[in-house]
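As a plain string of letters, each chain reads:
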Amino acid sequence: MKKIIMYTGPFCAFCDAAKRLLKRHNATFEEIDIATKDGLRDDMIKKSNGRRTVPQIFIGDYHVGGYQELRELEKQDKLPDIFK
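Everything quoted here is computed from the prediction, not taken from an experiment.

A. Representation of the nonpolar core in the model. Counting 16 residues, the largest nonpolar core has I4, L22, I57, I59, L70 and F83 as the members making the most contacts within it. Listed by contribution, the elements that provide at least two residues to this core are β1 (4-8), α1 (13-24), β3 (56-59), α3 (67-75) and α4 (79-83). A per-element tally of this core places α1 first, with 4 residues. Formed by 8 residues, the second largest nonpolar core is a distinct cluster that contains I32, I34, I45 and F58.

B. Quick look at the packing of aromatic side chains. Tallied over the full model, the rule gives 2 aromatic pairs. A ring pair is formed by Y7 and F58, whose centres lie 6.0 Å apart and whose planes are at 80 degrees; its orientation type is edge-to-face. Of this pair, Y7 sits in strand β1 while F58 sits in strand β3, and the two are 51 residues apart along the sequence. On the accessibility criterion, F58 (10% relative accessible area) is buried.

Here is what the cut-offs are and how they apply
- Numbers given for residues are sequential positions, taken from 1 along each chain in its written order.
- The model is predicted, so local features are restricted to residues of pLDDT at least 70 and side-chain atom pairs to those at 80 or more, both for listing and for counting; the totals for chains, interfaces and linings are taken over all residues.
- Hydrogen atoms and water are omitted, and side-chain values are computed over all heavy atoms in the structure.
- Note on terminology: a nonpolar core comprises buried Ala, Val, Leu, Ile, Met, Phe, Trp, Tyr and Cys residues joined through side-chain atoms within 4.5 Å.
- Only protein chains enter the area calculation, which uses a 1.4 Å probe; residues under 20% of their type maximum are buried, those over 50% are exposed, and those in between are partly exposed.
- Numbering of helices and strands runs from the N terminus, with a helix taken as a DSSP run of H or I at least four residues long and a strand as a DSSP run of E at least two residues long.
- The rule is short: rings of Phe, Tyr and Trp, with Trp giving its six-membered ring, pair when the centres are within 6.5 Å, and they are stacked under 30 degrees, edge-to-face over 60, tilted in between.

Have a look at this one:
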């Protein structure tokens, strides 16, 4: 399975929903809370081509986007192929 990184923030309902979705698929992920250290938000914005909202989800080299995009991939049954 590819490495999954999710940038999150405090009190973020979409972050919580994305974590539940990934756990439903038995996917392990690294969570980076942008509120815990200076510079993490800037790193996220740079990696996500300017997106400023959380969550920002990366599966391997693929930038999924946020929860809505992750959910859409699940609806289209594309997650198993992306995880490989």
